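# Inside the fold
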Amino acid sequence: MSHEDVAKPSALIGWHSMFMGVALLASARSKDHRTRNGACIVSPDNRIIGVGYNGLPRGCDDHDPIYWSDDDSDPFHSRHSYVVHAEINAMLNCVVLPLTNATIYTTQFPCPRCAQAVIQAGIRRVIFLREKPHHAGANAAAVKMFTASGVVCEALEAVDAGASDWSQRLGHFMTTDKPSEDDV
């Protein structure tokens, strides 16, 4: 058998699948019962340099019901006043700085505040898994800032349809299969 007949080694998943998979796994750490989001920041040479999920700041008690209240008309009783978004946590958890020319993989389209932070941190590419249609105005504001600052923002499905399908299946698996007593 010649060396030409030997099968070349190949990975089971591509880079996009891996990085969005890491973002999805990070989202599983979130205690937000409404939306669990994750993010993974990657250097230009495909090294993971930061991971985060949406959750409370350090020291805040996850069991305090005020932090998880859903009254958006009252900032004191709105979880949106307390929860740190996955993108911000990923940046704060970075193992290297600066983030110049990095890519961030997010499970959800970034809000305008996260878009601001992405731009300021020097991240040049955003790849997101899903976006909420009812956030169209906020999404448009984020896109406007990304466009003006030269940040490329793309849906995973447009970048790599196979990675998008794999990530959707992984996300579904994570939300429908509960660990057994032996797994905990």
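Right, let's walk through the structure included here. (Residues numbered from 1 in each chain as written. Predicted model: local features only at pLDDT ≥ 70, side-chain atom pairs only at ≥ 80, totals over all residues. Heavy atoms only, no water.)

An α-helix turns once every 3.6 residues. As a result, residues three or four positions apart point the same way. With 14 residues, helix H4 (residues 136-149) should reach 20 Å at 1.5 Å per residue; the first-to-last C-alpha distance of 20 Å fits that figure. All of the buried residues along H4 are Asn-139, Ala-142 and Phe-146. Projected down its long axis, H4 carries its buried residues within an arc of 65°, all on one side. Across H4 from its buried face, at more than 90 degrees, point the exposed residues Gly-137, Lys-144, Thr-147 and Ala-148. In this fold, the buried residues of H4 make contact with helix H3 (112-121), strand S4 (125-130) and strand S5 (152-155). Among the residues trailing H4, Gly-150 stands out with phi positive, at a value near 80°. (Helix = DSSP H or I, 4+ residues; strand = E, 2+ residues; numbered from the N terminus. Expected span 1.5 Å × (residues − 1). Buried < 20%, exposed > 50% of the residue type's maximum accessible area, 1.4 Å probe, protein only. Arc of directions from axis to C-beta. Contact = heavy atoms within 4.5 Å.)

With that settled, consider the sheet that holds S5. Taken in spatial order, the 5 strands make up an open sheet running S2-S1-S3-S4-S5, and their pairing is mixed. With partners counted over all chains shown, the strands left at the sheet margins are strand S2 (48-53) and S5, one partner each. The mean inter-strand angle of the sheet, taken between neighbouring strand axes irrespective of direction, is 15°. In the sheet, strand S1 (residues 38-42) pairs with S2 via 5 bridges, with the strands oriented antiparallel. Its bridge partner lying in S2, Val-42 is registered against Ile-48. (Pairing = 2+ DSSP bridges. Axes fitted to C-alpha atoms, helices over the stretch in contact; angles between N-to-C directions.)

Let us look at a nonpolar patch on the surface. Taken together, the side chains of Leu-12, Ile-13, Trp-15, Met-18, Ile-48 and Val-51 define a hydrophobic patch exposed on the protein surface, amounting to about 570 Å² of accessible area. Mapped onto the nonpolar patch, the elements with two or more residues apiece are helix H1 (15-27) and S2. Mapped onto the elements, Trp-15 comes out in helix H1. You can call Trp-15 partly exposed: its relative accessible area is 47%. (Patch = residues over 30% accessible without salt bridge, like charges linked within 9 Å, V, L, I, M, F, W, Y side chains within 5 Å. Areas by Shrake-Rupley, 256 points an atom, 1.4 Å probe, with all protein chains shown as cover. Salt bridge = Lys/Arg side-chain N within 4 Å of Asp/Glu carboxyl O.)

Let us look at the nonpolar core. In globular proteins that are soluble, nonpolar side chains generally tend to be buried together. If you look at the biggest cluster of nonpolar residues, it comprises 20 residues, and the most contacted ones within it are Ile-41, Leu-99, Ile-104, Val-118, Ile-123 and Phe-146. Elements with a minimum of two residues in this core: S1, helix H2 (86-92), H3, S4 and H4. For Val-118, the residues in contact, after removing those within four places along its chain, are Met-91, Ile-104, Ile-123, Val-126, Phe-146 and Val-151. Listed in part, the 13 residues of the second largest apolar core include Met-20, Val-22, Val-42 and Ala-163. (Core = buried A, V, L, I, M, F, W, Y, C linked by side-chain atoms within 4.5 Å.)

Attention shifts here to the side chain of Asn-54. Tracing the chain through its elements places Asn-54 in the loop between S2 and H2. For Asn-54, the residues in contact, after removing those within four places along its chain, are Ser-30, Lys-31, Asp-32, Thr-35, Arg-36, Asn-37, Val-83, Val-84, His-85 and Ala-86.

A word on H3. Within H3, burial applies to Cys-114, Ala-115, Val-118 and Ile-119. Projected down its long axis, H3 carries its buried residues within an arc of 140°, all on one side. Among the exposed residues of H3, those pointing more than 90 degrees away from its buried face are Arg-113 and Gln-120. On its buried face, H3 is in contact with H2, strand S3 (103-108), S4 and H4. A positive backbone phi angle near 95° is found at Gly-122, which sits one or two residues after H3.

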